[in-house]
Every structure is written in C-alpha cells, then in structure tokens.
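Residues per chain, in single letters:
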Amino acid sequence: MYQENWPDTYFWPYHQTRTMSVIVQPVTEANLLQDPLRFDRHVPPCAIVIFGASGDLSKRKLLPSLYRLFYERRISQSFAVVGSSRTPMSDDQFRDKMKESVSKFLEDAPFDEDVWKSFAQCLFYVAGDMSNPESYEAIREKLDEVEQSHQTAGNVLFYLSTQPSFYAEAVKALGAHNLTKGRGWRRVIIEKPFGHDLQSARKLNEEIHQVLDESNVYRIDHYLGKETVQNILAFRFGNGIFEPLWNRRYVDFIQITAAESIGVEGRGAYYQEAGALRDMIQNHLSQVMATVAMEPPTVFDANNVRDERAKLLRAVRIMKPEEVEKYAVSGQYGPAKVGGQDLLGFRQEPSVDPNAQTDTYAAVTFFIDNWRWAGVPIYIRTGKRMPKRVTDIAIQFHAPPLGLFSQETKSGLREARPNLLVLRIQPEEGISLRFLSKSPGSGMRLRPVSMDFNYGSSFGERSPTAYETLLVDAMTGDPTLYTRQDMVDASWQIVQPILDSWANTKFDFPNYDAGSWGPKASEEMLARQGHVWRIP
Ligand code: BG6
C-alpha cells in the first residue's frame, strides 16, 4: 500500500514541512476492487509523457491540473512529466513556458512560487517529431533517467494530446520501441476525437488493440470527469425518491443543452472539419445522456457502470436517412453586433473556408427504445456563439392529470407542465426543482417557485476540475470515468446517419446570428412534438 505521513500543516507548501515515507506497492485489480467507490486513492509513483506538450490542452488543462494535484499532494511526489512536441526547447524553456500557462490558467486556485519550484524540478522536455523513430528512443532514455532520479518505479502514463491523425501511428511506435512494456504498468490516454466517424473509430480501435490491451487504453471524455456529471449518479442512485419518477410514466421529455458563448477561438482549422455534432454530441453529450438515462448498475465499479452506459447507448434508436431532416437540425452562426461589439461570422473566422458547410450548432431528437424511456424525446442541443455559457439537463415531468387550478396555469406551456428538474452542470453548478405554489392572498393563484441546491454554498469547497479527477484515475488504474470501445462505437452509430445526411446537404448558412439561441428550425423541431426549448 502506498502511504504518506504528512505533517498536520497539510495546506502549507509541502517542501517547507514535508516529512514523507513511501512504501510502494503496485495498484492491482485486487486493490481497486477493495475501493470501487474511490474514497482512498493510492496514487503510485509514475512518469507522464505528454505528446503535444506545447499544444493548447497541455497549457490550459493538463499542466495546471498536474500542478494543482501536486500542490494538494493528491499525487505521489515521486513523479515526473516528460513533455514532447516538435518545438525545440530545453527543459528550462519548457518549465518557463509551462509556468506562464499554469499561473494563467489555474482555476480558482492560488499560484505558489515555492511549490512551483519543486514542481518544475519534475518537468522535462524531449523535442521530436512523432513520425521519427529517434523521438521514441529519446523518450525512452529520458524515462530511464527519471525512473532513477524521481523514483517513478517504471510506471508510465502516455498522454496523446496531438493531432488525432497521429494516434494510431504513435501507439504503433510505442509498441515497436517497447515502450508499452516495462518494469511497471504502461497506460495510454487518448484524447478526443476518437475517430472522425464510425468507420475510422473502429479502425483506430483495431490498430490500438494490435499493441495495447483494452485495459491499458484510456479514452478520455472530460465531461465524465466533471463533478456535476458524476453527481447525476449520486442523485439518481444514492436517493430513493427520484428513481421511481425517472421513466416514461412521469417524464414528458428531457432537454440537454451545452451552449457556449465563445466562437472557435483560433481552432478554426480543426473545427471546420469537426463541427458541433462531432465535437460535442458524439462524445460529451451522448455520455451525459447515457448517465441521465442508464439503468442502475448492480455494483458501482468500472465495468458495471460502463456496461450500463454502453447498454443505454445501444438502445438509442438509429435514425433512418429519411428521418434526419425531422430529428436533427444543423446551424452555423453569422456575424452580428452583440452588446456594442461586432462578432465575426464563422465563415469570417481565421483559417475557415468562406463557404464552409460546418455546423457550429446542432440539435438532435433521440429516442431510447427500452421499457423505461419508450416514447420520451431526448432533445440535445449545442452551439458556439450562443448568448451565454451554460450546460444543463432539464427533466420535464408530465402535467398533473387534472387542471384543478387551470385558470391560474393556462398562461403557457411552462405553467402547463409545472414540474421541471434542472441538473446544472456549469457554470452555476447545482440542482433545482420547479413546482407550483399558492401565492399569498385569498384566491387560489399559483405561481412557479423552485427548490435549489447549489454546490458552492452547500459544500463551500472547490471541486476538482475534470482533468484533475481523470488524471488521478488513470494513474490509479481506474477506468470508470473513461469510455470503453463499445461505448464509443455505440455513440458513433447514433450520430452517423446524421453525419452522412449532412455531408450530402447544401445548407443555406449562416442561419443564426452570433449571440442568439440558434436557428429557427430547431424551435420548429420541438414544436412538432408540442414542446419548446427552455431558456436556461
Ligand atoms: C471540447 C470541445 O471537447 O469541449 C470544445 O472540443 C468545447 O469545442 C469544449 O469548447 C467544452 O468543454 P467545457 O468543459 O468548457 O464545457
């Protein structure tokens, strides 16, 4: 068992007060099984190799998360990061660059110069091209070095944060250079997008499996690591009162919204090829749908939870080509003036083709063909340049069978279906339940009110970011919040007919203004079912 004896002054910069004893034992299936609820994380020593280390993800998310974990001593202090990318840099230049990023992108946390000095001693850099065999030899040498200098015990976590077209080649090269085997464990985290469509995702899986066993493949979907997404399972299965209502008998429809106010932020070239459906719905939002709608697992462990998610995704009805127009809407933002500011249209963004047919907005109606959800539409929408950044899930319950107070509630659809449960994923994390209440006065005048739970005020502590959680999980060998091959396959299957149909359609874009809630066709899609999008 890995143990550390930290002084009582837990929050002091550790290098001033640290007394540490480390007894290392490898994390095995057996000790994972002892703690499926993940209270007690025994994070073993390890080296993390980040391919694409000078990229955006590394700067904005990975290094700030690792620094934060180090600061809070949630990872072993016997660790090292080996960054690799094409940019030539020395270790010190890499450290300086990362210092700039970490201090800039650290979310809700102080930057501590002294802790940084200790952390920076764990950072190394190897410049190299991933298609050049010498790069892998240089990485191996560096790993041998840090295994000695930082006692990383031969454990290595590779993080592929490069261009997706390199994933298969990189895994193959890791295998060919014997980097996937060693004294300790070897795991590979693969960033999204996992494939460009169903066929390429299957091919990528095959290529990866020629080198790695599925148990060492960690396909990351950072939405699954968000505290609020994990809380959906706690809310549903840790309480007794919601689950009986969680089905077609009580639920009228579900809306999942992931709106972003930002545009494509310098990612025009990638985004132009991806589009909103691939970028958000195929991965993040299908996993959120699976979490909201899955059956309770019999045991809370990696395989049982993932089995249920996969089963749910397999139950989603696959659209016929002729149904796509009815159940899916594509949009692209055009230029607009918002709050006195001129916003560019997507086609005017840098590196974007002025005739691009890319969807920057996508809305889909899914149906889940199982006993629990038959006939309940699940509406999912996502878009760039929406009026605000908000991700939430709204569960709309049926109206009461008789409108006893209907005089007071006939003012519109909202009141006609008073009971709405909203799971707020971000930014104001929490849960609220809307119901009707009598307004003070002599008449039976009803008004919607809500019961609110707010993460911030209820717990009063910072939640770890998704990447902090997921990095610790990969280091401990816990794949519960990572996607499995069958889940990825099923989520490509449900979007593939839409992708195929859109690829053969010439859209009249732009069809919504930057700063608006999306194209009119999206409202019409819901209106056909007698529903409206709520304004989050
Ligand atoms: C990424 C997408 O996976 O998720 C981005 O590629 C998107 O386009 C981002 O902006 C949203 O993540 P979050 O955590 O900010 O909601």
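None of these values were measured; they are calculated from a predicted model.

## Considering unusual backbone geometry
Alright, step 1. Cis geometry is adopted by the peptide bond preceding Pro-427, which originates at Gln-426 and carries an omega value of 0°.
Alright, step 2. Within the secondary structure layout, Pro-427 lies in the loop between strand S15 (420–426) and strand S16 (430–438).
Alright, step 3. Between Phe-509 and the following residue, Pro-510, the backbone shows a cis peptide bond with an omega angle of -5°.
Alright, step 4. Structurally, Pro-510 is set in the loop between helix H19 (485–503) and strand S18 (512–513).

## What to know about helix H10 (residues 227–237)
Alright, step 1. Across the 11 residues that make up H10, a large majority, 8, are buried.
Alright, step 2. Taken as a whole, H10 has its buried residues at Thr-228, Val-229, Gln-230, Asn-231, Ile-232, Leu-233, Phe-235 and Arg-236.

## Section: the site of the ligand
Alright, step 1. Close to the ligand lie Lys-192, His-222, Tyr-223, Lys-226, Glu-260, Arg-267, Asp-279, Met-280, His-284, Lys-384, Arg-389 and Gln-426, which account for all nearby residues.
Alright, step 2. Within the side chain of Glu-260, one N or O atom sits 2.5 Å away from an oxygen atom of the ligand.
Alright, step 3. Contact with the protein chains hides 83% of the accessible area of the ligand, taken as 400 Å² for the molecule alone.
Alright, step 4. Looking at the shell around the ligand, the elements with two or more residues in it are helix H9 (222–225) and helix H12 (276–293).
Alright, step 5. Considering each element in turn, the shell around the ligand owes the most residues, 3 residues, to H12.
Alright, step 6. Its residues placed into classes, the shell around the ligand shows 2 nonpolar, 3 polar and 7 charged.

## So, a nonpolar patch on the surface
Alright, step 1. Nonpolar side chains collect at one region of the surface, where Leu-404, Phe-405 and Met-444 lie side by side and expose about 310 Å² of accessible area between them.
Alright, step 2. By the secondary structure assignment, Leu-404 is in the loop between strand S14 (390–397) and helix H15 (406–409).

## What to know about the nonpolar core
Alright, step 1. Judged by nonpolar contacts, the single largest core of 154 residues is most densely connected at Leu-66, Leu-143, Met-289 and Ile-393.
Alright, step 2. Ranked by the residues each element gives to this core, the list is headed by H12, at 10 residues.
Alright, step 3. Beyond its immediate sequence surroundings of up to four residues, Leu-66 is in contact with Ile-48, Ile-50, Ile-75, Phe-79, Val-81, Phe-119, Leu-471 and Met-475.

## A few points about the packing of helix H4 (residues 91–105) against helix H5 (residues 113–120)
Alright, step 1. One way to put it is that H4 packs onto H5 with a least axis distance of 11 Å and a crossing angle of 140°. Taken together, the axis directions place H4 and H5 in an arrangement best described as oblique. Along this stretch, H4 crosses H5, giving a crossing that reads as right-handed. Across the interface between the two elements, Arg-95, Met-98, Lys-99 and Val-102 of H4 pack against Glu-113, Trp-116 and Ala-120 of H5.
Alright, step 2. The residue makeup of the contact of H4 with H5, split by class, is 4 nonpolar, no polar and 3 charged.

Parameters at a glance
- Residues numbered from 1 in each chain as written.
- Predicted model: local features only at pLDDT ≥ 70, side-chain atom pairs only at ≥ 80, totals over all residues.
- Heavy atoms only, no water.
- Helix = DSSP H or I, 4+ residues; strand = E, 2+ residues; numbered from the N terminus.
- Buried < 20%, exposed > 50% of the residue type's maximum accessible area, 1.4 Å probe, protein only.
- Near = heavy atom within 4 Å.
- Polar contact = N/O pair within 3.5 Å; in protein donor to acceptor, adjacent residues only side chain to side chain.
- Areas by Shrake-Rupley, 256 points an atom, 1.4 Å probe, with all protein chains shown as cover.
- Nonpolar A, V, L, I, M, F, W, Y, C, P; charged D, E, K, R; others polar.
- Patch = residues over 30% accessible without salt bridge, like charges linked within 9 Å, V, L, I, M, F, W, Y side chains within 5 Å.
- Salt bridge = Lys/Arg side-chain N within 4 Å of Asp/Glu carboxyl O.
- Core = buried A, V, L, I, M, F, W, Y, C linked by side-chain atoms within 4.5 Å.
- Contact = heavy atoms within 4.5 Å.
- Axes fitted to C-alpha atoms, helices over the stretch in contact; angles between N-to-C directions.
- Parallel < 35°, antiparallel > 145°, perpendicular 65-115°, else oblique.
- Left-handed = near helix turned anticlockwise from the far one by under 90°.

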